[in-house]
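Topology and contacts: notes
Residues per chain, in single letters:
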Amino acid sequence: MKALSGFYYVDDGQTVTTCRGRGKLRHQKVTPLVGDRVEFTPLGDGSGSLDRILPRKNQFFRPAVANIDQLVIIASQAIPVTDPFLIDRVAAIAQSRDCPCVICVNKCDLEPGDDLAAIYTAAGFPTLKVSAQTGEGMDQLRALIAGKVSAFTGNSGVGKSSILNALDDQVDLATGDVSEKLGRDTTRHVELFRLGCGAVVADTPGFSSFDVDRMELMRKEELARCFPEFAPYVDQCQFQDCAHVKEKGCAVLAALK
Ligand code: GDP
Ligand code: ZN
């Protein structure tokens, strides 16, 4: 559920045990991630040793989580305005791991965000417009995350913590102005929360555009399949190795036009 200062908090459905990684794990250079399914040995005093990490369905480095059913990409058209390029990058990384994405445009009380929402709706993503402030869209968001493990991600200040607080009375995360949070985020940890609506959600430290440069890279040949909206067209391009950028006879560009 949580990884902090070399301790791993393991929830077996009844209690949470504070575990240390076994020497073997450190030896193999595998770091337990939040979301991992593990085997552990309780030592009787609330502590335990984490013995084994079970195979992962997927894993991400930013946010550092594993076995996620979906990424909820939080964006905003009010301050801070999210660059759609950032959304595309995160969505492409998720798609490359076969992890579905939900696009959630927050702060719609300040800026409706219709244009941004329209782009991702047209691309086929479940897209919501919400406001953590007024509660608008929270029921729809609850319905999309219920029964699943989701990671909330998005640039700092878009309202990830505020949304989690709005979703569940039991959650009370600190929220703050953007500049304040940028300083604090570096020390924040990733944690899974069980919400009343039956969702499990990872609140992850926000990233700044700087962090995008440290995100995972992929081969450019793999990129086209990371945009699900290309799928109906990619096989119709004139050349098989089409990069869908400016090639002659590109069906993706024709569709875009
Ligand atoms: P995080 O960095 O993504 O976790 O963002 P926070 O939840 O800390 O929110 C950053 C700032 O935006 C805080 O001052 C919040 O009060 C504000 N905020 C968050 N959501 C909304 C919203 O829907 N409407 C408005 N008006 N402000 C919001
Ligand atoms: Zn093409």
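Here the structure is shown first, and the text comes after it.
Counting from 1, residues in each chain are numbered in the order their sequence is written. Note on labels: chains are lettered from A, ligands numbered from 1, in written order. Restriction of local features to residues with pLDDT of at least 70 applies here, the model being predicted, together with a cutoff of 80 or more for giving and counting side-chain atom pairs; totals for whole chains, interfaces and linings are based on all residues. With hydrogens and water stripped out, all remaining heavy atoms of the structure feed into the side-chain values.

Some points on the overall build of the protein
Applied cut-off: Working definition: helices are DSSP H or I runs of at least four residues, strands are E runs of at least two. Numbering for both runs from the N terminus. Throughout, exposure labels follow a simple rule: accessible area from a 1.4 Å probe, protein chains only, divided by the maximum for the residue type, with under 20% read as buried, over 50% as exposed, and the rest as partly exposed. Contacts are residue-level and defined by heavy atoms, with any inter-residue pair within 4.5 Å sufficient. To be clear on the numbers: accessible area is Shrake-Rupley with a 1.4 Å probe, and residue cover counts the displayed protein chains and nothing else.
Along the backbone of the protein there are nine helices and 13 strands. Buried residues in the protein amount to 44% of all 257 residues. Taking all contacts inside the protein whose residues are at least 6 apart in sequence as the whole, residues at least 24 apart take part in 59%. As displayed, the protein offers around 13900 Å² of accessible surface, 52% of which is attributable to carbon and sulfur atoms.

Looking at the packing of aromatic side chains
Each aromatic ring pair is characterised by the separation of its centres together with the angle its planes make. Note the following rule: A pair of Phe, Tyr and Trp rings is counted when the ring centres sit within 6.5 Å of each other, with Trp represented by its six-membered ring. The angle between the planes then sorts it: under 30 degrees is stacked, over 60 is edge-to-face, the rest tilted. Geometrically, a lysine NZ or arginine CZ counts as sitting over a ring once it is within 6 Å of the ring centre and also within 35 degrees of the ring normal.
Across all of its chains, the model carries two aromatic pairs by this definition. Judged by centre distance (5.2 Å) and plane angle (20°), the rings of phenylalanine 227 and phenylalanine 230 are stacked. Classification of phenylalanine 227 by relative accessible area gives partly exposed; the value is 22%. Positioned over the ring face of phenylalanine 7 is arginine 20, at 4.2 Å from the centre of the ring.

Some thoughts on the site of ligand 1
Let me state the cut-off plainly: Nearness is defined per residue: one heavy atom within 4 Å of the molecule or strand is enough. Polar contacts here mean pairs of N or O atoms no more than 3.5 Å apart (in protein, one a potential hydrogen donor and the other a potential acceptor; neighbouring residues in sequence count only if both atoms are side-chain atoms).
If you check the shell around ligand 1, you find 17 residues, and the closest are Asp109, Gly157, Lys160, Ser161 and Ser162. In the environment of ligand 1, an oxygen atom lies 2.8 Å from a nitrogen or oxygen atom belonging to the backbone of glycine 157. Sorting elements by how many residues they give to the shell around ligand 1 places helix H5 (residues 160-167) first, with three residues.

Some details on the nonpolar core
Operational definition: What is meant by a nonpolar core is a set of buried Ala, Val, Leu, Ile, Met, Phe, Trp, Tyr and Cys residues, joined one to another through side-chain atoms within 4.5 Å.
The biggest cluster of nonpolar side chains holds 27 residues, and the ones touching the most others in it are Phe60 and Leu71. Taken together, the elements giving at least two residues each to this core come down to strand E8 (70-76), helix H2 (84-96), strand E9 (101-106), helix H3 (114-122), strand E11 (149-153) and strand E13 (200-203). Top element by residues in this core is H2. It accounts for five residues. Of all hydrophobic cores here, the second largest spans 21 residues; its members include Val72, Ile74, Ile145 and Leu167.

Re unusual backbone geometry
Residue isoleucine 79 is joined to proline 80 through a cis peptide bond whose omega torsion reads -5°. The topology assignment puts proline 80 in the loop between E8 and H2. Non-glycine residue asparagine 67 carries a positive phi angle of around 60°. Note that asparagine 67 resides in the loop between strand E7 (65-66) and E8.

Some remarks on the packing of helix H4 (residues 138-145) against H5
Just so we agree on the cut-off: Axes here refer to lines fitted to C-alpha atoms; in helices the fit is confined to the stretch in contact. Angles between the N-to-C directions go from 0 to 180 degrees. These descriptions rest on fixed angle ranges, namely under 35 degrees for roughly parallel, over 145 for roughly antiparallel, 65 to 115 for roughly perpendicular, and the rest for oblique. We call Asp, Glu, Lys and Arg charged. Ala, Val, Leu, Ile, Met, Phe, Trp, Tyr, Cys and Pro are nonpolar, and the rest, Gly among them, are polar.
Look at H4 against H5: their axes get within 10 Å of each other, and the N-to-C directions meet at 90°. Between H4 and H5, the angle is such that the two are roughly perpendicular. Here Met138, Leu141, Arg142 and Ile145 of H4 lie close against H5, whose contacting residues are Ile163, Ala166 and Leu167. Classifying every residue of the contact of H4 with H5 by side-chain character gives six nonpolar, no polar and one charged.

Quick word on the coordination of the zinc ion (ligand 2)
Angles between donor atoms at a metal ideally measure 109.5 degrees for a four-coordinate tetrahedral arrangement and either 90 or 180 degrees for a six-coordinate octahedral one. Stated formally: Only nitrogen, oxygen and sulfur atoms count as donors, using a 2.8 Å cut-off from the metal that widens to 3.2 Å for Na, K and Ca. Water is left out, so coordination shells may look unfilled. Working rule for geometry: tetrahedral if four donors all subtend angles between 85 and 135 degrees; square planar for four, octahedral for six, if opposite donors exceed 155 degrees and the others stay between 65 and 115; irregular in every other situation.
Those donors, Cys237 (SG), Cys242 (SG), His244 (ND1) and Cys250 (SG), are the protein atoms that reach the zinc ion (ligand 2), and they lie 2.1 to 2.4 Å from it. Around the zinc ion (ligand 2) sit four donor atoms, and with donor-metal-donor angles ranging over 101 to 117° the site reads as tetrahedral. Of note, the zinc ion (ligand 2) draws all its donor residues from one chain, in the sequence arrangement C-x4-C-x1-H-x5-C. Separated by 13 residues along the polypeptide, cysteine 237 in the loop between helix H8 (220-223) and helix H9 (251-256) and cysteine 250 in the loop between H8 and H9 bring together distant segments of the chain. Note on accessibility: cysteine 237 and cysteine 250 belong to one class, buried.

All we've got here are geometric facts, nothing functional implied.
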